Amino acid sequence: MSNRTCPICGGAYALQNGVYRCICCGDVQEASPTQYAAVFDGTDVVARAECGALELTCRFADGVSAGSGYLIDRGGLAITNAHVVAQAQTYRICDRIDAKVNGRTVSAQVIAVGDGQAGHGDGIDLALLCLDAVPDGARALEIGDFDRVFNGAPVYVIGNSLGRGLCVTKGIVSDRLRTVHGNRLLMTDCAVNGGNSGGPLLDASGKVIGTVVSGIAQAEGMNFAIPIDDTMRFVRSVAYSLSRAR
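Quick notes on the rules
- Residues numbered from 1 in each chain as written.
- Predicted model: local features only at pLDDT ≥ 70, side-chain atom pairs only at ≥ 80, totals over all residues.
- Heavy atoms only, no water.
- Pairing = 2+ DSSP bridges.
- Helix = DSSP H or I, 4+ residues; strand = E, 2+ residues; numbered from the N terminus.
- Axes fitted to C-alpha atoms, helices over the stretch in contact; angles between N-to-C directions.
- Contact = heavy atoms within 4.5 Å.
- Buried < 20%, exposed > 50% of the residue type's maximum accessible area, 1.4 Å probe, protein only.
- Arc of directions from axis to C-beta.
- Salt bridge = Lys/Arg side-chain N within 4 Å of Asp/Glu carboxyl O.
- pLDDT = per-residue confidence, 0-100.
- Core = buried A, V, L, I, M, F, W, Y, C linked by side-chain atoms within 4.5 Å.

Strand order around the closed barrel formed by six strands is S4-S5-S6-S9-S8-S7, with antiparallel pairing between neighbours. In this sheet, neighbouring strand axes are inclined to one another by 40° on average, regardless of whether the strands run parallel or antiparallel. Taken together, the two bridges between strand S5 (residues 63–71) and strand S6 (residues 77–80) define a ladder with antiparallel strand orientation. Pairing of Leu71 across the sheet is with Ala78, part of S6.

Structure, rendered in structure tokens:
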């Protein structure tokens, strides 16, 4: 199922709340119970996330930057932030992206970039990538239900912190919806650093409930993620646009 395309629109499937749902038209296919059984031990959450979390190295004409991301489809579709793959001053897409997942580094291509990067409109700070190859053992992370996210719930961040490889931090949901500069964001006290941008925020069952996007440098434990429903809305809009262009 993970490698199937939707028979209705040709889109890709993502695992969400126990079923495979087409990210373009919403068609639903059943998943086996072993594919969506909840786990509540932190070590299991991390072990599952490590197989789909990306360490990104983005090469620009004037330097190199680090970021994070995560697979949403076994065909190689992945999420990160727009500001990870594009420069704020020029909005130029990086020349090359190397994505390390499950111990292997492959190239990745930018499929679409939101217009919410700092200084570039009021859109969403997200980018959709596609890996040139999906390493053995790598797997898409399961998408959570943002309606089931509550303040005080335990959460995890996994990402390429400071560009030094995958790092895991744990915290809670400080505020499930906080408006920051006109944007809907989830606030968490999970520690994040440069390089964590674009990585997944996971709930206690290992499902992605947000995409790490920013933090307040002058504060302690005030960091933000784009809610997963907004992230998937962006993915669906890209998939719809691509299907219309075919």
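The next point concerns the sheet that holds strand S13 (residues 200–202). As summarised here, the arrangement of the six strands in space is S10-S11-S12-S15-S14-S13, forming a closed barrel in which the pairing is antiparallel. Ignoring strand direction, the axes of neighbouring strands in this sheet form an average angle of 45°. Relative to strand S15 (residues 223–227), strand S12 (residues 183–188) runs antiparallel, the two being bridged by three bridges. Bridge assignment links Thr188 to a residue of S15, and that residue is Asn223. Each of strand S10 (154–160), strand S11 (166–180) and S13 is contacted by helix H2 (residues 42–50), which is oriented at about 35° to S10, the strand it contacts most.

Turning to the pairing of strand S9 (residues 127–131), a few remarks are in order. For S9, a buried count of four out of five residues is recorded, marking the element as mostly surrounded by other parts of the structure. Relative to S9, S6 runs antiparallel, the two sharing four bridges. Within the sheet, the bridge partner assigned to Ala78 lies in S9 and is Leu129.

A separate point is H2. Inspection of H2 places Val45, Val46 and Ala49 among the buried residues, and these make up the whole buried set. Along the axis of H2, the buried positions cluster into a sector of 95°, meaning they face one direction only. On its buried side, H2 packs onto strand S4 (53–60), S10, S11 and S13.

To continue, consider the pattern of salt bridges. Counted according to the given criterion, the structure contains nine salt bridges. Notably, a salt bridge pairs Asp98 with Arg96, separated by 2.9 Å at the nearest N-O pair. Given the relative accessible area of 42%, Arg96 is considered partly exposed. With a shortest N-O distance of 2.5 Å, Asp230 and Arg233 are connected by a salt bridge. Of this pair, Asp230 and Arg233 are both found in helix H4 (residues 228–245), three residues apart, which corresponds to roughly one turn of the helix.

Looking now at the confidence of the model for the chain. Looking at the chain, pLDDT values average 85 and 83% of them are 70 or higher. Per-residue pLDDT stays below 50 along residues 32–37; that stretch engages in eight contacts with residues further than four places along the chain or on separate chains.

Counting 39 residues, the largest nonpolar core has Ile72, Leu128, Leu201 and Leu202 as its most contacted members. Per-element accounting of this core gives the leading share, five residues, to H4. Aside from chain neighbours lying at most four places away, what touches Leu202 is Val45, Ala49, Leu141, Pro154, Val155, Tyr156, Ile158, Lys207, Val208 and Ile209. Leu54, Cys94, Leu131 and Ala138 belong to the second largest nonpolar core, which has 19 residues in total.

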